[in-house]
Amino acid sequence: MAVDGTFSLPGHGTIVRGSVLRGILNVGDELHVYPSDRIARVRSLQTHGREVTQIERGQRAAVNLAGITQEEISRGSELASLNLLRPSRLLGVELAPISASRSVLKHRQRIRIHLGTTEVLGRILLRESVPILPKERRVAQLLLETPVTTSWGQPFVIRSESPVKTIGGG
């Protein structure tokens, strides 16, 4: 689950909210919290203001976590089963420019990557330095300034560093 907000309630502790992307989450489960690399336990769950014991893929969730403070988790953090994900600065992707923008994606071009609820600066790495033209899709690598967690097939958007405009995705 990509965290899109956090708050704290007296007597309850840290609560995060987001949309569950994969799997099932139960009260009592232990989770890895990235990028802080902390372990937290699920105290309680809510969906649309209703207390539940289980949340599954596609549902909005408010997750009350034990073992982590609000300062250790924020928008852009990820919750995952223990040892499921591994943070990395290098991602293998299928990349395509937005054809309407007439953007050409170049080797070592600086970009902003929007993945889940996080935004990270990085560079596009292309094989043989050949640019990706509009309407092309190509395998590439993204070299990020800070590590992120992602899973196979997770969509992302890339934007130019400045001025900030959407130029592609994958």
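Now for a description of the structure that goes with this document. (Residues numbered from 1 in each chain as written. Predicted model: local features only at pLDDT ≥ 70, side-chain atom pairs only at ≥ 80, totals over all residues. Heavy atoms only, no water.)

### Some details on the overall build of the protein
Tallying secondary structure elements over the protein gives zero helices and 15 strands in all. When its C-alpha atoms are laid out on the principal axes, the protein stretches across 55 × 25 × 25 Å. Expressed as a percentage of its 170 residues, the buried residues of the protein come to 37%. In the protein, the proportion of contacts linking residues at least 24 apart, taken out of those at least 6 apart, comes to 62%. On the protein, roughly 9,600 Å² of surface is accessible, and the fraction owed to carbon and sulfur atoms is 50%. Here the protein contributes 23 positive and 15 negative side-chain charges, whose respective centroids are spaced 8 Å apart. (Helix = DSSP H or I, 4+ residues; strand = E, 2+ residues; numbered from the N terminus. Buried < 20%, exposed > 50% of the residue type's maximum accessible area, 1.4 Å probe, protein only. Contact = heavy atoms within 4.5 Å. Areas by Shrake-Rupley, 256 points an atom, 1.4 Å probe, with all protein chains shown as cover. Lys, Arg positive; Asp, Glu negative; His and termini not counted. Charge placed at Lys NZ, Arg CZ, Asp CG, Glu CD.)

### Quick notes on the pairing of strand 2 (residues 13-19)
In terms of strand pairing, strand 1 (residues 2-9) meets strand 2 through seven bridges, oriented antiparallel. Bridge assignment links F7 to a residue of strand 2, and that residue is I15. Remark: three residues form the turn of the hairpin made by strand 1 and strand 2, two consecutive strands paired antiparallel; G11 in that turn has positive phi of roughly 85 degrees. Pairing analysis gives six bridges linking strand 2 to strand 8 (residues 60-66), with the strands arranged antiparallel. Counted as the bridge partner of V16 is V63 from strand 8. (Pairing = 2+ DSSP bridges.)

### As for the pattern of salt bridges
Here the structure, examined in full by the defined rule, presents eight salt bridges. Residue E161 pairs with R110 through a salt bridge whose shortest N-O separation is 2.8 Å. Of this pair, E161 sits in the loop between strand 14 (156-160) and strand 15 (166-169) while R110 sits in strand 11 (residues 110-115), and the two are 51 residues apart along the sequence. Residue R110 is classed as partly exposed on the basis of its relative accessible area of 26%. Among the salt bridges present, the one from R138 reaches E136, with a minimum N-O distance of 3.3 Å. Accessibility expressed as a relative area gives 23% for R138, which makes it partly exposed. A residue is classified by how much of its surface remains accessible, and E136, at 30% relative accessible area, is partly exposed. Each of the salt bridges in this network shares a partner with another, and the network as a whole consists of D4, R17 and R60. (Salt bridge = Lys/Arg side-chain N within 4 Å of Asp/Glu carboxyl O.)

### Thoughts on the sheet that holds strand 13 (residues 138-148)
An order of 10-13-12-11-14-15 is seen for the six strands of this closed barrel, with the pairing classed as antiparallel. Neighbour to neighbour, the strand axes of the sheet diverge by 45 degrees on average, direction disregarded. As defined by bridge partners, strand 10 (residues 88-97) adjoins strand 15 across two bridges and the pair is classed as antiparallel. Across the sheet, the residue bridging to P97 is G168, located in strand 15. (Axes fitted to C-alpha atoms, helices over the stretch in contact; angles between N-to-C directions.)

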